[in-house]
Structures are given as C-alpha cells and as structure tokens.
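Notes for the structure review
Given next are the chains, with one letter for each unit.
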Amino acid sequence: MNKKVKQNIYDLSREDLAEIVSDLEQPSYRVEQILEWLYKNYAGNIDEMKNVPASVRDHLNSNYIFKGLEIEKHIKSNDGFTQKWLFKLLDGSLIETVLMKYDKRATACISTQAGCAVGCTFCATGQMGFVRNLSHGEIIAQVIHTAVVMRNSGKRLSNIVFMGMGEPMHNYDNLMSAVRTIIDPKLLSIAARKVTISTIGIIEGINRLAEEKIQVGLAVSLHGTNDAERQNLIKAASKWELSELIRSCRNYYKKTGRRITFEWALIDGVNDSEETANNLVRLLKGIPCHLNVIPLNPTENYKGLPSSGNRIKTFKDLLNSAGIVTTVRMRRGIDIAAGCGQLKAATPPKRSKLQRA
Ligand code: SAH
Ligand code: SF4
C-alpha cells in the first residue's frame with residue numbers, strides 16, 4: 001500500500017487552515033495561533049506549537065512537512081557577506097537561494113522556478129532550461145530559511161529580491177500569493193517596498209502587477225535597445241516587442257507612481273558602446289526610472305566577458321549625465337557562483353522519485 005505523500009505546510013492557505021481547524025471541531029482562533037507559529041516564530045517542527053491541541057498537531061504532523069527544502073549544499077563566499085544554498089525539493093527538483101548581508105540590511109535572493117524557459121544566453125539558469133514552477137510554499141520556505149539564519153545571528157531579514165532562478169512573471173499566481181504572505185503584518189511582515197520583483201519583461205505580468213494594490217518594486221531586465229539586440233541575448237524575446245514593453249512600463253508608472261529599475265547586464269563589445277548608451281537614453285526618455293548596470297558574471301556556456309572598468313564608467317557616466325540615475329551593482333558571491341545569473345542546478349531526477357513520508 002502506498003504511503004501518503006506529505007505536502008509542504010507553507011502551501012496551506014489561511015482558508016485551508018480554517019477548514020482543518022473546523023473539521024477538528026476547534027475554535028477559529030487556532031488558525032491565528034498556527035499562523036503565528038509558522039510565520040512569526042518560524043516553527044521548525046510540530047512540537048514547538050505548544051499551545052495547539054494534540055488533535056490539530058497530529059493532523060498537521062501526519063499530512064504536512066515543515067521544511068520541504070532539504071539542504072544539498074551550503075557555501076559561503078570569501079567576500080564574507082554572501083552565502084548560497086542548493087535545496088532539494090520534495091520531488092527531487094533542485095533550486096538555489098542566496099543571502100547577502102550588508103551593513104544595515106540583509107537581502108534574500110529567492111527563486112520562483114526550477115530552471116527558466118526564457119533562455120537568456122548569458123544566464124546559467126536560462127542555459128539549464130525549464131523544469132517547473134515553484135509552489136507558493138516552496139517560495140515561502142526559502143524566505144523562512146533565510147529569515148531563520150538572520151534570526152540566529154540576532155538580526156532580521158529585511159529585503160527580498162525575486163532575482164533567483166526563474167522568471168517570476170511566468171509563475172505569477174504563486175509569486176503574488178507569496179508576496180502577500182511576505183508583506184502581511186500578521187505573517188512574515190516585510191515591508192512591501194523592500195520587496196523587488198525582477199522580470200525579463202513579460203508584458204502581461206507587468207500589466208497585471210500595475211493593477212495590484214501592492215507597493216512592491218519592479219525591476220525590468222532590458223539588455224538591448226531594440227528588438228534585434230534583445231533577441232540576440234534573450235531567446236524568447238521575439239514574443240514581446242520592445243515598443244510594447246516600454247508602453248507597459250510607462251503604463252505601470254502612470255498607474256502606480258512607482259519608479260521602475262531597469263537592469264542591464266553589461267557585456268564587453270555587445271551592449272556597452274557609447275552608441276548603445278545614447279540609444280538607451282532615448283528609449284527610456286520620460287520614464288521615471290533608475291538603471292542598474294550589472295557587469296556580466298561568468299557562466300559555463302556563454303563566452304562573453306564583462307566590460308572593462310573604463311567602459312563601465314563611460315557607460316554609467318553617459319547615462320547619469322543624461323539624467324538617468326545609474327548605479328553599477330556590487331559584485332557579490334562570484335567565487336561561489338551566487339552572483340546574478342549564475343544560479344543553476346544539476347539535472348533534476350525523474351518525477352517518479354517522489355519522496356514518500
Ligand atoms: N528572470 C528575471 C529574474 C532573475 S535574473 C530576470 O531576468 O530579470 C536576475 C538578474 O540577473 C536579471 O537582471 C538578469 O538579467 C541578470 N543576469 C542574468 N545572467 C547574468 C549574468 N551572467 N551576469 C550578470 N547578470 C545576469
Ligand atoms: Fe530566465 Fe532571468 Fe535567467 Fe533570463 S536572466 S534565463 S529570464 S532567469
């Protein structure tokens with residue numbers, strides 16, 4: 001006889017919990033109690049939920065798994081600030097999560113998919129292809145894991161960037177329900193403006209986000225100033241016209257009043273010329289924004305190189321003097337392949353290898 005497959009406990013919604021509690025003939029305040037254990041105290045197992053009655057604890061314990069993330073590998077960078085985990089999910093899929101500690105903040109870089117279908121040539125996640133979307137609970141489990149690491153050092157996880165593996169807008173519903181759990185003052189309680197969603201420019205997702213009444217930040221990865229340049233670097237870019245993407249960015253600003261951050265992986269001899277910088281100025285004209293330049297990080301299957309220090313400076317200065325506030329992203333965790341676009345995981349095992357409880 002097959003044993004029951006346990007579910008990730010973070011996949012339980014408030015409504016699911018209310019149903020469980022009511023089925024077990026318990027008062028509804030038990031829901032808030034359980035949520036507090038999970039999202040305020042980061043309970044790592046059922047025994048910690050001391051004020052929850054045995055019937056509820058038994059039910060949760062026999063049907064749900066607390067971590068859902070098994071640490072396959074944990075490495076710390078020589079920079080002293082960055083660490084990364086390779087996690088195995090319940091079905092054996094592998095993902096990576098990065099934690100970066102700064103003076104006054106700590107940022108978790110969260111994955112939303114195992115692999116990615118967009119296929120940017122210069123990105124290690126794109127090079128590995130698409131495996132699957134992560135569930136709400138799998139996204140949240142990464143946040144809780146890094147929040148516990150910070151709590152253990154007496155600090156708080158302050159920022160979340162959806163810049164790990166995958167294209168967040170391709171997993172929109174799970175992304176947004178995770179965002180709601182992250183910013184809910186009764187749950188993970190991280191301020192919405194400390195949460196950033198980075199997208200390769202999925203127009204439908206940007207349009208949907210513009211309608212949400214949530215103050216999260218939006219970052220749009222551009223890398224090219226016309227369709228041909230973008231298609232050269234982003235395999236799936238032919239699906240989205242740049243002119244339409246720019247229109248959706250303008251609309252996003254109009255609807256939300258929030259500045260967009262544009263991201264630009266700067267690649268030697270590919271998209272770092274003065275001419276490209278001037279074209280970029282023209283493209284972004286009239287959109288209140290910041291530009292974040294990321295000198296290319298090395299990946300196994302892309303031969304391009306990061307631009308030289310001089311070219312980075314010229315590119316940046318040209319944009320800044322044209323009124324586009326431009327910063328160069330600090331290179332962090334490159335020695336452990338935890339930098340932007342370096343996250344990947346080995347080929348996942350077959351789906352039939354489901355972990356059984
Ligand atoms: N899929 C989303 C979020 C994950 S990638 C997106 O593409 O925006 C996060 C950032 O890393 C993106 O801006 C992406 O362009 C950048 N990136 C990817 N590969 C890179 C590399 N090899 N070097 C530098 N930045 C890279
Ligand atoms: Fe996917 Fe973003 Fe990597 Fe492109 S850069 S392959 S969209 S994760």
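None of the values given here were measured: they were computed from a predicted structure. (Residues numbered from 1 in each chain as written. Chains lettered and ligands numbered in written order. Predicted model: local features only at pLDDT ≥ 70, side-chain atom pairs only at ≥ 80, totals over all residues. Heavy atoms only, no water.)

As a further point, take the pairing of strand β14 (residues 325-328). Note that strand β13 (residues 289-295) and β14 share four bridges and pair parallel. Following the sheet pairing, Asn292 is matched in β14 by Thr327. Each parallel crossover has a hand, and the one from β13 via helix α11 (residues 309-321) to β14 is right-handed. (Pairing = 2+ DSSP bridges. Helix = DSSP H or I, 4+ residues; strand = E, 2+ residues; numbered from the N terminus. Right-handed = clockwise from strand over helix to strand, strands pointing away.)

Parsing the protein chain into structural domains produces domain 1 (14-65) and domain 2 (70-336). A C-alpha centroid distance of 34 Å is found between domain 1 and domain 2. Each side of the interface is counted separately: domain 1 has nine residues, and domain 2 has 13 residues. Buried surface at the junction of domain 1 and domain 2, both sides included, amounts to about 920 Å², of which 61% is carbon and sulfur. It is Tyr39, Lys40 and Tyr42 in domain 1 that bury the most area against domain 2; as a group they hold 68% of the surface buried on that side. At the boundary of domain 1 with domain 2, the tally comes to three residue pairs in polar contact (both at pLDDT 80 or more). Per-element accounting of the side of domain 1 that touches domain 2 gives the leading share, five residues, to helix α2 (residues 29-40). (Domains from an automatic or database assignment. Contact = heavy atoms within 4.5 Å. Buried area = accessible area lost by both parts, 1.4 Å probe. Polar contact = N/O pair within 3.5 Å; in protein donor to acceptor, adjacent residues only side chain to side chain.)

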